[in-house]
Amino acid sequence: MQSQILIWCIKLVLGGIAAFLAIMVWSKSRSACWVFLVTGILISYAGIIYDMMINLGILNAGNFLVYGIPFLTLVFTVIPYLLIIISLILIIKDLS
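Since the structure is predicted, the reported quantities are computational estimates derived from the model, not experimental observations. (Residues numbered from 1 in each chain as written. Predicted model: local features only at pLDDT ≥ 70, side-chain atom pairs only at ≥ 80, totals over all residues. Heavy atoms only, no water.)

1. Quick word on the packing of helix 1 (residues 2-28) against helix 2 (residues 32-56)
The geometry of helix 1 relative to helix 2 is characterised by a closest axis approach of 9 Å and an angle of 155 degrees between their N-to-C directions. On the basis of the axis angle, helix 1 is roughly antiparallel to helix 2. In the packing of helix 1 onto helix 2, the handedness of the crossing is left-handed. Of helix 2, the residues touching helix 1 (which contributes Gln 4, Trp 8, Lys 11, Leu 12, Gly 15, Gly 16, Ala 18, Ala 19, Ala 22, Ile 23, Val 25 and Trp 26) are Trp 34, Val 35, Val 38, Thr 39, Ile 41, Leu 42, Tyr 45, Ile 48, Ile 49, Met 52, Asn 55 and Leu 56. Across the contact of helix 1 with helix 2, the residue classes tally to 18 nonpolar, five polar and one charged. (Axes fitted to C-alpha atoms, helices over the stretch in contact; angles between N-to-C directions. Helix = DSSP H or I, 4+ residues; strand = E, 2+ residues; numbered from the N terminus. Parallel < 35°, antiparallel > 145°, perpendicular 65-115°, else oblique. Left-handed = near helix turned anticlockwise from the far one by under 90°. Contact = heavy atoms within 4.5 Å. Nonpolar A, V, L, I, M, F, W, Y, C, P; charged D, E, K, R; others polar.)

Here is the structure:
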């Protein structure tokens, strides 16, 4: 359990730094590629907090399952990666 708490602390600190820096980037640049990247980072951090609250028993994962996976867990896993992929595609398009 002690190692799990250490991992949560590391995720919260590093995720918080990433979210803070993402918000700073968002305030400086409003181009679509940066908006998608920042949104992906922020949703990823929200997923870390959600996962921690599930593991601590503060929240219930819910009964709505998609292929046996709780819906919000699936959302917080898939959406950040999709947003980052869209961001990278837009960056590649801008560089071409």
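That shown, we press on.
2. What about the side chain of Ser 87?
Among the secondary structure elements, Ser 87 is positioned in helix 3 (residues 71-95). For Ser 87, the contacting residues outside a window of four places in its chain are Cys 33, Phe 36 and Leu 37.

3. Some thoughts on the packing of aromatic side chains
Per the stated rule, a full pass over the model turns up two aromatic pairs. Aromatic pair Phe 64 and Phe 71: ring centres 5.4 Å apart, planes at 65 degrees, arrangement edge-to-face. By relative accessible area, Phe 64 is classed as exposed at 57%. Take Phe 71: its relative accessible area is 37%, and that puts it in the partly exposed class. (Phe/Tyr/Trp six-rings, centres within 6.5 Å; stacked < 30°, edge-to-face > 60°. Buried < 20%, exposed > 50% of the residue type's maximum accessible area, 1.4 Å probe, protein only.)

4. With respect to a nonpolar patch on the surface
There is a patch of nonpolar side chains on the surface, built from Leu 6, Ile 7, Ile 10, Val 13, Leu 14, Ile 17, Phe 20, Leu 21 and Met 24 and spanning about 860 Å² of accessible area. Note on placement: Val 13 falls in helix 1. (Patch = residues over 30% accessible without salt bridge, like charges linked within 9 Å, V, L, I, M, F, W, Y side chains within 5 Å. Areas by Shrake-Rupley, 256 points an atom, 1.4 Å probe, with all protein chains shown as cover. Salt bridge = Lys/Arg side-chain N within 4 Å of Asp/Glu carboxyl O.)

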